[in-house]
Amino acid sequence: MVLDIERDQRRFKQIVRGRIRENLRKYITHGEMIGRRGKDAVSIPLPQLDIPRFRFGKNGSGGVGQGDGEVGDPVGKPGDDPAGSGGAGSEPGSGHLIEVEVNLDELAEMLGDELELPHVEPKGTASISAEKAKYNSVRQTGPESLRHFKRTYLNALRRQISTGNYLPDDPRVVPIKSDKQYRSWNDVPRPEVNAVVIYLMDVSGSMTDDQKQIVRTEAFWIDAWLGKQYKGIEKRYIIHDAVAKEVDEHTFYHTRESGGTRISSAYKVCAQLIDSTFPVSDWNIYCFQFSDGDNWGDDNRQAFELLNEKLLPAANLFCYGQVESPYGSGDFIEALRKQFGENDKLALSEIADKEGIYDSIKLFLGKGK
Amino acid sequence: MKLRDEFLRELQAIVGQTNRRVTVADGPRILRCEVDQGTALAAAVYEFILESKELAQVDTAILQQSSQSLCNRVNYLLEPISPIETDIDGCVVQMRSNPPQQNESGKYYYELFLRRGGSIALYRYEKQPGAIRSRVPVTLTHEVLGRLCEDFNATIEEILAS
Amino acid sequence: MAAVEPGKLTPELAAIQVEIEGYARGYGLDFFPTIFELIDADQLNEIAARGGFPTRYPHWRFGMEYEQLSKGYHYGLQKIYEMVINNNPCYAYLMRSNGLIDQKMVMAHVYGHCDFFKNNQWFAHTNRKMMDDVANHGTRIRRIMDVVGVEDVENYIDACLSLEDLIDVHSPFIKRRKVADRFDFSAERQPPGSRSQRFDAKSYMQPFINPVDKLRAQQDRLKEEDESRPFPENPERDVLLFLLEHAPLKTWQADILAIIRDEAYYFAPQAQTKIMNEGWASYWHSTIMINQGLTAADVVNYCDHHSGTMASAPTQLNPYKVGIELFRNIEDRWNRGAFGREYDDCDDHDRRKNWNTHAGLGREKIFEVRRIHNDLTFIDEFLTLDFVREHKLFRFGYNPTSEAYEIESREFPRVKQQLLESLTNRGRPIIAVVDGNYKNRGELFLQHQYSGVELQLEQARDTLENLHRLWNRPVHIATVLEDEEAVISFDGSEHQLQSADPADDSEDAA
């Protein structure tokens, strides 16, 4: 049977990917796919790909059904089209959604294309030999220069014996096209490069759920992107108000404290974590810090000291995203800018609202570090 | 009440003037008010602080408690105020308009601090879209300023009593 | 059918086929040779996704269908019981994982369909070598894709599919006009003004025999006639044919449009006879199974499965069920002689109910019905008040206030009216080309024959965009929106919506 349904499926998926790409900005900003995350994939709701036709609208349409019920009783739920007789108005509208599974790596790739992100260059010597091709497999097609002599003749011999064309008295083995075997290569997985992402977030009283949602959305995309750059990336989470502690991912997004804002506390915990667990020589370290920037006045000096002496030297990249709270942004970002100027390892971004996520991600990951 | 009466008298004295500091004292309690512009009925105030050494040794828990009752008292600023953050190390409670007031030109809110040491302070902030937030003068009637004076004073009494 | 490698039946199933086929013939069913193939659920889904034709042309929507079918199957939400292809020979697919009872039932059901395909007059003009032709279509489209590029071709197919409903389902039976051959370049189709009315004459006699001013006047008159002659002369419901003949299509585009049109005509009768066809097949599978197909042990299983196919969802009208019940109802009435004037005039409920002249014409009648009717005429003629009551049919409609569909009525005339409306033109709006040279600017003007239900505006706009891709000049459709006459237009870049103002028309005519 000429059933190349896979080809049609591929085309369908390709078109679906195209739709996602077109709407990627919306998906980046709205974070709706985070709740639909599986282990390696997310499922994205998309409007059904529909071929438009001249068809009847809902207005004034109806159908014939069967069963009990009084006049005025609802048939099915609102929005549901009763299948009816397949007639007027019962054709499904264009409001239907389909769920499309997209693998996280693929999503990261789309993100990279959309934001024109440079690929990360891992630091350290381990990265130099990445992606080396090794000739360690065999295929049925290939250039003659790579023909695997022994295997080809072995195949030919097998064929001749099984078809009765091999004469022990006249042991000639003539390979035909289908016998030929060629050496081929596999990309040897790049040597493991260790990477850790450390998220730091201000959970003090002035940070509301809206801001945390923004952080969450942004972190999702950062994870997706860095996860594609490094296999098996580690993630750590630190929350702080006036004091800081390391927590798990769930706690990270679901904690609200009433303490004051002392950013230095988080920097201190972060520095300790790096010292104890992620030696700089072995790890690519990424720090992403989010706060509304309302640091309590006298804390800036201590924070800058830690940043300058401990964190910036250790990290590939230190990103600070200042998420605007209902009270506006504090002046931490300005103070950082004044103190550190154009530091190559430091990326500063102000995120006014959900729409700001897009540019913020672009700024952070656009550094290519 | 001596502090309030003196303060109101001082306000009358700077009617028509700009950029003045008004300071009055009653024993350890010192009221400092930075006035951007004074008029017969009201004053545009940049900073309003009642300081007192009596708060030198207060416990944070007591500050938190008193900040709540201060917020309840100060209910005439047309914006509900509530404690937002407490810094235990610095022993300070921060209170703000909650939620902040919002109109087309931006967001506005009051910020109050109750500090060990100590002081009670009031400021006004403005945040325009796309701009950094800034401290702005707020125009309050002499009557409201008088009440603030009374209520800050009452809060200190409350702290000392507990 | 070299392309289809039959999944051969097991000897056991092959024996069952012989047995069931024998019963079917015994009842007078008459069908093309029928070939069963035994395939996996997955393959069945693949074939179903392609509308029953494994070799159909490549297109993304089949991939989408397949995903949905296979998801539905894996989650246990749906299962395709049977699939039969109208072809000579008939092809039918059996799912490998089904039990023997199911297979017997499906076979009996299939013979019902095969008989219907062969004998129902609405199928009389369908292509009985469609398996081959669809494979051929597939090859042609693949070849075009190789040359033109997959994406362009698929996009173009999308545009054609958008219009595939715009055919004239009655045209195979009625000659509405002379067949126009688009490769016919005879004088009649020459552009206006080129027709010559000169008489042959020697050159020196020309001014006398063919006076210049007279000739010019005559030519002007002819030109006027040409311009005032409507194009098309009568509204053309076969919009696809009109496009094939008059749209500026490249060869490959015309080829694909012709394929889409062929397939649309092939599938149309199935949509026109859904209730009857399923009813007929169900009637026969239940008749055969109950009388011959079952051993005692099978009966329990069968009842279970039969009710599975027949069960109506609470509010859904199941074509299988309505169809089979109507056929049974007709058989019963004609057996009792409960038809004709005397019966119709009788008002006494009990007398009608117990009416029996022992006419015994039931079987004969249903065979006749399956020959000459389609769903529309079937319902019109045989849906009775008694039937609607007995089977609890109701009419539902959309209530914008509650944003839900609600039961509107159980009155017989209203229920019947709704059912007939939804069956007219297969439940699709009736649309025809009324002007192929609108405003004398080569614009295409369609007319929706409004019958109370409005078009969905968004979809109509998107469809017009697709129509424009084929016509290449502005396109319009006249319809009714919010109770007012309206014209929806697309000129290649912008959409327009105008209420049809009669003043405009008179201006144009002037």
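The structure reproduced in this document is the subject of the present report.

Reading the values: rules and limits
- Residue positions are counted from 1 within each chain, in the order its sequence is given.
- Numbering of ligands from 1 and lettering of chains from A proceed in the order in which they are written.
- Local features are withheld for residues below a pLDDT of 70 in this predicted model, meaning they are given only at 70 or higher, and side-chain atom pairs are given and counted only at 80 or more; totals for whole chains, interfaces and linings count all residues.
- For the side-chain quantities, the full set of heavy atoms in the structure was used; hydrogens and water were omitted.
- Strands are treated as partners if at least two bridges between them are detected by DSSP.
- Secondary structure is summarised from DSSP: a helix means a run of H or I of at least four residues, a strand means a run of E of at least two, and numbering begins at the N terminus for each.
- Remark: nonpolar core denotes a set of buried residues (Ala, Val, Leu, Ile, Met, Phe, Trp, Tyr, Cys) joined through side-chain atoms within 4.5 Å.
- Summary of the burial criterion: residues with accessible area below 20% of their type's maximum are buried, those above 50% are exposed, and those between are partly exposed, where the area comes from a 1.4 Å probe applied to protein chains only.
- Here a residue-residue contact requires only that any non-hydrogen atoms of the pair lie within 4.5 Å.
- A fitted line through C-alpha atoms serves as each axis, taken over the contacting stretch for helices, and the angle formed by two N-to-C directions is quoted from 0 to 180°.

Taken in spatial order, the four strands make up an open sheet running β2(A)-β4(C)-β5(C)-β3(A), and their pairing is antiparallel. Both edges of this open sheet fall to β2 (62-66) and β3 (74-75) of chain A, since each of them pairs with a single strand only. Where strand β4 (residues 393-399) of chain C lies against strand β5 (residues 404-409) of chain C, five bridges are found, and the strand directions are antiparallel. Looking at β5(C), one finds that C:Arg395 is bridged to C:Ser409.

Residue B:Pro99 follows B:Asn98 across a cis peptide bond; omega there is 5 degrees. Relative to the helices and strands, B:Pro99 is located in the loop between β5 (92-97) and β6 (101-103). At the junction of C:Asn88 and C:Pro89, the peptide bond is cis and its omega measures out at 5 degrees in the coordinates. Summarising the element assignment, C:Pro89 is placed in the loop between β2 (83-85) and β3 (90-95). Although it is not a glycine, B:Asn19 adopts a positive phi angle of roughly 55 degrees.

A few words on the nonpolar core. Counting 128 residues, the largest nonpolar core has A:Leu226, A:Phe288, A:Phe290, C:Leu243 and C:Ile256 as its most contacted members. Looking at this core element by element, the count peaks at ten residues for helix α10 (residues 251-272) of chain C. Setting aside its immediate chain neighbours within four residues, C:Leu243 contacts C:Leu163, C:Leu249, C:Leu257, C:Leu444, C:Leu467, C:Leu470 and C:Trp471. The next biggest cluster of nonpolar side chains, apart from the first, holds 51 residues, and it includes C:Ala108, C:Cys114, C:Ile330 and C:Trp334.

On to the sheet that holds strand β7 (residues 443-448) of chain C, then. Strand pairing in a sheet relies on backbone hydrogen bonds. The paired strands run either parallel or antiparallel. All names here are of chain C. Taken in spatial order, the five strands of this open sheet run β6-β7-β8-β9-β10, and their pairing is mixed. Every interior strand has two partners, whereas the edge strands, β6 (431-438) and β10 (495-499), have only one. On average, each strand axis in the sheet is inclined to that of its neighbour by 25 degrees, with strand direction left out of account. As paired strands, strand β9 (residues 484-490) and β10 are joined by five bridges and run antiparallel to one another. In the strand pairing of β10, Ala 486 is matched with Ser 499. In the packing of helix α9 (residues 239-246) onto the sheet, the strands contacted are β6 and β7, and the crossing angle to β6 comes to about 25 degrees.

Function-wise, these values are silent; they only describe arrangement.
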